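Listed below, chain by chain, are the residues.
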Amino acid sequence: MPGDLAAQAVSALATVSPEPGAPKPDPILVADGVNRHFGGLVAVDVTHVEFQKGAITALIGPNGAGKSTFFNLLSGFDKADGGTWVYAGTAVTNTAPHKLARRGMVRTFQLTKSLSRLTVMDNMLLGAGGQKGEVMIASVLPFLWSAQEKKNRERAMVLLERFNLAAKADDFAGSLSGGQRKLLEMARALMLEPSLIMLDEPMAGVNPALKQSLLDHIRDIREEGTTVVFVEHDMDMVRDVSDWVVVMAQGKVIAEGRPDVVMRDQRVIDAYLGAHHDQQLTKSGESLTEGTSS
Amino acid sequence: MDLGFVLTQSITQAIGVTAIIYLLATMGLNIQFGYTGLLNFGQIAFVAIGAYAIGVFMIQWQQNPWPSWMPWQTLVPNLWVAILYALLLSVILALILGIPTLRLRADYLAIVTIATGEIIRLAFKSTDPLGGSQGINGKMGQDFYDLNPFPQQDRFDFGPLTYTRADLWVVICGWVVIGLLLLLTWALMRSPWGRVLKGIREDEDAVRSLGKNTYLRKMQALILGGLFGALSGIFWAIAKQSVQPDSMVPAFTFFCYTILILGGAARVMGPVLGAIIFWFLLVFVEQFLLLLIDNGTITFLVPTQVGPIRFILVGLGLMLLMIYRPQGILGDKKELALDAR
Ligand SMILES: Nc1ncnc2c1ncn2[C@@H]1O[C@H](COP(=O)(O)OP(=O)(O)O)[C@@H](O)[C@H]1O
Ligand SMILES: [Mg+2]
């Protein structure tokens, strides 16, 4: 059952032409000429791309296409060699990651970064923004922050319930399974109440049963008004959940469009075949790529 | 010489001046390394700055101002002002170390701090206005001893333990300071600020992605741990009334790490337990071997060999501890169940 915001996103994107760099009616993130070289290798070279506000956009492409690097650049974890990008109307080129996160642009990592020797609850609490008790001087005066801490704890518990992690709240995050860590990382990011969440392979290493609930979470996140951009390999998942697909290959955006359209695009098929000579691009029901490494 | 004497000696040392010096420095390391994951391999640099500031301001430059026109006698009228300068200098040192390195990978701080420790030691050793190779000796802690409230008598007995009037005052004040700093550490580490530090230790990028300024927090941890190190040096200068460049060696920091890991890193009481056990064992092994040589049980050793051998034996014991209880004595067993990162 698509909700209101899903329907809005679909209708907003209905008129967008399926061309690389196509302008969107209401973009939350716009990147221009963003590039990054590693020695002679051009990892990212994106001429222009826009991400529609309120939509779920999938960023796909063969391994090594530059998706993670592009995420790293946009979120400030890597420095671009050139280019500019604008988030929610503000230029944020090469802005430090913590500043971006405070403005509501939060990302997760391909290699899950759960804080192993912190409890699941502490992981969640770290996500909460604007904490008075995180100021060194104030930290020794609990009356300044204990009320806020209590509220955050309650909010964290609600999210943990939702992500089926409530029973684990007091366990070390390091004791969670790979899939649970992905869930925790997503829940933790939501503690910041982001307006844009960028998920790098949220479903990698997650078992099929959990994948379905992860998809539901992604839909829920959007219904709460958060824009979602996610990297994913599994074409079924992409088709299932995304309103728009951006395809990268060799650092460039080579195609864009609605999922069904993109997957029939010859450039996309070629890009995937180029990367996987031994694999045939198949009809619905099978994924384009097998492994989800790198 | 008997077993009673050996035990008395060991207990006295386990809670004595040297143990306190190491403990204060280790508590600083606990904040930097235990909680925040900062690899400071040059804690001795902070200790040296603290100790030398007292020696230089209270003795060296009072007698021979340097530069000669500096009115150090009015600028540093007493020990308490010298302590303030010592703490201030350690903050400056932390900033010098931290500003260029804390944005880089963790190992850069390790390299820079270990080098800085040596640079500082050699600089003091080769600069005569800073004491040179002789170091600084003199009543640099007099203002402190003047406050001694205990009655004038030669010795104070507590069961088997015996203290001079001055020693008793020094040791009690040392432990009071430690108690207060433990309280401070506890309060800081149970707060959201402490949670950010622990998060940085686990994965700095994750914490950055959650909107925290990790650079600032790492700097704060480095400064705070450095202040603890400076207090260790200040205590050293006051308690021993002597500051020697050859005591400020890298091994000091490595013993601190040993103490920290022995007691349990990222535990408030870890360094306390570690320091007491470490010094107890070190002295006990030494005195016990000496006893055995003295009464003829051991014939294949001479007393001068005991010094190095005790380090070998204690080192062996620590290796066993690392194998069977790598999280330290106070460490959480649950942590071990976690897969290595
Ligand atoms: N830190 C790095 N140093 C050198 N090369 C890198 C680095 N990070 C990524 N690359 C290279 O950049 C290209 C893009 O990588 P990445 O962004 O991880 O691809 P994707 O996430 O699409 O699989 C790859 O060829 C990869 O080997
Ligand atoms: Mg990737």
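Residues numbered from 1 in each chain as written. Chains lettered and ligands numbered in written order. Predicted model: local features only at pLDDT ≥ 70, side-chain atom pairs only at ≥ 80, totals over all residues. Heavy atoms only, no water.

## Let's talk about the overall build of chain B
Right, so step 1: Secondary structure assignment for chain B yields 15 helices and four strands.
Right, so step 2: Since a compact globule built from 341 residues should have a radius of gyration of about 20 Å, the 21 Å found for chain B is in line with a globular shape.
Right, so step 3: In terms of overall dimensions, chain B has a C-alpha envelope of 65 × 60 × 35 Å along the principal axes.
Right, so step 4: Contacts in chain B between residues far apart in sequence, at least 24 positions, make up 75% of those at least 6 positions apart.
Right, so step 5: Accessible surface for chain B amounts to roughly 14800 Å². Of this, 67% is attributable to carbon and sulfur atoms. (Helix = DSSP H or I, 4+ residues; strand = E, 2+ residues; numbered from the N terminus. Rg over C-alpha atoms; globule rule 2.2 N^0.38 Å. Contact = heavy atoms within 4.5 Å. Areas by Shrake-Rupley, 256 points an atom, 1.4 Å probe, with all protein chains shown as cover.)

## Remarks on the pattern of salt bridges
Right, so step 1: Per the stated rule, a full pass over the model turns up 29 salt bridges over all chains.
Right, so step 2: One salt bridge in this structure joins Arg155 of chain A and Glu193 of chain A, with 3.6 Å as the shortest N-O distance. Remark: Glu193 of chain A occurs in the loop between α7 (178–190) and β7 (196–200) and Arg155 of chain A occurs in helix α6 (residues 146–162); sequence separation between them is 38 residues.
Right, so step 3: With a relative accessible area of 27%, Arg155 of chain A lands in the partly exposed category.
Right, so step 4: Take Glu193 of chain A: its relative accessible area is 58%, and that puts it in the exposed class.
Right, so step 5: What emerges from the salt-bridge pattern is a single network uniting Asp122, Glu149 and Arg153 of chain A together with Arg195 of chain B. (Salt bridge = Lys/Arg side-chain N within 4 Å of Asp/Glu carboxyl O. Buried < 20%, exposed > 50% of the residue type's maximum accessible area, 1.4 Å probe, protein only.)

## Remarks on the layout of surface pockets
Right, so step 1: Size it by volume and the largest pocket reaches roughly 1100 Å³.
Right, so step 2: Those elements that provide at least two residues to the lining of the largest pocket are α3 (97–102) of chain A together with α2 (17–35), α6 (106–126), α9 (192–202), α10 (204–209), α11 (214–240) and α15 (333–337) of chain B.
Right, so step 3: Residue classes in the lining of the largest pocket are distributed as 17 nonpolar, eleven polar and 14 charged.
Right, so step 4: By volume, the second largest pocket amounts to about 360 Å³.
Right, so step 5: Of all elements in the fold, only α6 of chain A together with α8 (165–189) and α9 of chain B reach the threshold of two or more residues within the lining of the second largest pocket.
Right, so step 6: Here the residues of the lining of the second largest pocket sort into nine nonpolar, three polar and eleven charged. (1 Å grid on protein atoms, 1.4 Å probe; cavity = no way out; pocket = protein on both sides within 12 Å on 5 of 7 lines; lining within 4 Å. Points joined across faces, edges and corners; volume = space filled by probe spheres on them. Nonpolar A, V, L, I, M, F, W, Y, C, P; charged D, E, K, R; others polar.)

## Here we look at a positive patch on the surface
Right, so step 1: Together, Lys79, Lys99, Arg102 and Arg103 of chain A together with Arg103 of chain B make up a positively charged patch on the protein surface.
Right, so step 2: Note on placement: Arg102 of chain A falls in helix α3. (Patch = residues over 30% accessible without salt bridge, like charges linked within 9 Å, V, L, I, M, F, W, Y side chains within 5 Å. Lys, Arg positive; Asp, Glu negative; His and termini not counted. Charge placed at Lys NZ, Arg CZ, Asp CG, Glu CD.)

## Examining the coordination of the magnesium ion (ligand 2)
Each angle at a metal carrying four tetrahedral donors should ideally be 109.5 degrees, and each at a metal carrying six octahedral donors should ideally be 90 or 180 degrees.
Right, so step 1: Protein-derived ligands of the magnesium ion (ligand 2) are Ser68 of chain A (OG) and Gln110 of chain A (OE1), with the metal-ligand distances lying across 2.1 Å. Taken as a pair, Ser68 of chain A in helix α2 (residues 67–74) and Gln110 of chain A in the loop between β6 (105–107) and α4 (120–127) lie far apart in primary sequence, 42 residues in all. (Donors = N, O, S within 2.8 Å, 3.2 Å for Na, K, Ca; no water.)

## Considerations on the domain arrangement of chain A
Residues and elements named next belong to chain A.
Right, so step 1: Under the domain assignment used here, chain A contains domain 1 (4–114 + 195–293) and domain 2 (118–175).
Right, so step 2: Centre-to-centre separation of domain 1 and domain 2, based on C-alpha positions: 30 Å.
Right, so step 3: Across the boundary between the two partners, domain 1 contributes five residues, which contact four residues of domain 2.
Right, so step 4: Overall, the association of domain 1 and domain 2 removes approximately 400 Å² of surface from exposure, summing both partners, and the carbon and sulfur fraction of that is 51%. (Domains from an automatic or database assignment. Buried area = accessible area lost by both parts, 1.4 Å probe.)

## A word on the nonpolar core
Right, so step 1: Counting 101 residues, the largest nonpolar core has Ile54 and Phe252 of chain B as its most contacted members.
Right, so step 2: A total of 15 residues in this core trace back to one element, the largest contributor, which is helix α3 (residues 43–63) of chain B.
Right, so step 3: For Phe252 of chain B, the contacting residues outside a window of four places in its chain are Ile21, Tyr22, Ala25, Ile44, Val47, Ser232 and Trp236 of chain B.
Right, so step 4: With 59 residues, the next largest nonpolar core counts Leu125, Met235 and Val262 of chain A together with Ile200 of chain B among its residues. (Core = buried A, V, L, I, M, F, W, Y, C linked by side-chain atoms within 4.5 Å.)

## Remarks on the packing of helix α5 (residues 79–101) of chain B against α11 of chain B
Residues and elements named next belong to chain B.
Right, so step 1: It is the contact of α5 with α11, at a shortest axis distance of 8 Å, that shows an interaxial angle of 140 degrees. Here the hand of the crossing between α5 and α11 comes out right-handed. Taking contact as the criterion, the partners of Leu79, Ile83, Ala86, Leu87, Ser90, Val91, Ala94, Leu95, Leu97, Gly98 and Ile99 in α5 are, on α11, Tyr215, Met219, Leu222, Ile223, Gly226, Leu227, Ala230, Leu231, Ile234 and Ile238.
Right, so step 2: In terms of residue class, the contact of α5 with α11 is made up of 18 nonpolar, three polar and no charged. (Axes fitted to C-alpha atoms, helices over the stretch in contact; angles between N-to-C directions. Left-handed = near helix turned anticlockwise from the far one by under 90°.)

## Section: the environment of Arg222 of chain A
All names here are of chain A.
Right, so step 1: Position of Arg222 relative to the elements: it lies in helix α8 (residues 208–223).
Right, so step 2: The buried category is assigned to Arg222, whose relative accessible area is 5%.
Right, so step 3: A C-alpha to C-alpha distance of 26 Å links Arg222 and Arg264, two positions 42 residues apart in sequence.
Right, so step 4: When near neighbours in sequence (up to four residues on either side) are disregarded, Arg222 contacts Leu5, Ala6, Ala9, Gly54, Ala55, Ile56, Val228 and Asp243.

## So, the sheet that holds β7 of chain A
Residue and element names in this part refer to chain A.
Right, so step 1: The strand order across the open sheet formed by six strands is β6-β7-β8-β3-β9-β10, and the pairing between neighbours is mixed. Of all strands in the sheet, those with a lone pairing partner are β6 and β10 (252–257), marking the two edges. Taken pair by pair, the neighbouring strands of this sheet meet at an average axis angle of 20 degrees, ignoring direction.
Right, so step 2: In terms of strand pairing, strand β3 (residues 56–60) meets strand β9 (residues 244–249) through four bridges, oriented parallel. Along β9, the bridge assignment pairs Leu59 with Val246.
Right, so step 3: Strands β3, β6, β7, β8 (227–231) and β9 of the sheet are contacted by α2, whose axis makes an angle of about 145 degrees with β7. (Pairing = 2+ DSSP bridges.)

## What to know about the site of ligand 1
Residue and element names in this part refer to chain A.
Right, so step 1: By nearness alone, twelve residues border ligand 1, and Gly64, Gly66, Lys67, Ser68 and Thr69 come closest of all.
Right, so step 2: Within the backbone of Lys67, one N or O atom sits 2.8 Å away from an oxygen atom of ligand 1.
Right, so step 3: Coverage of ligand 1 by the protein chains reaches 61% of its 560 Å² of free accessible surface.
Right, so step 4: Secondary-structure elements contributing two or more residues to the shell around ligand 1 are β2 (41–52) and α2.
Right, so step 5: With three residues, the top contributor of residues to the shell around ligand 1 is α2.
Right, so step 6: Its residues placed into classes, the shell around ligand 1 shows five nonpolar, six polar and one charged. (Near = heavy atom within 4 Å. Polar contact = N/O pair within 3.5 Å; in protein donor to acceptor, adjacent residues only side chain to side chain.)

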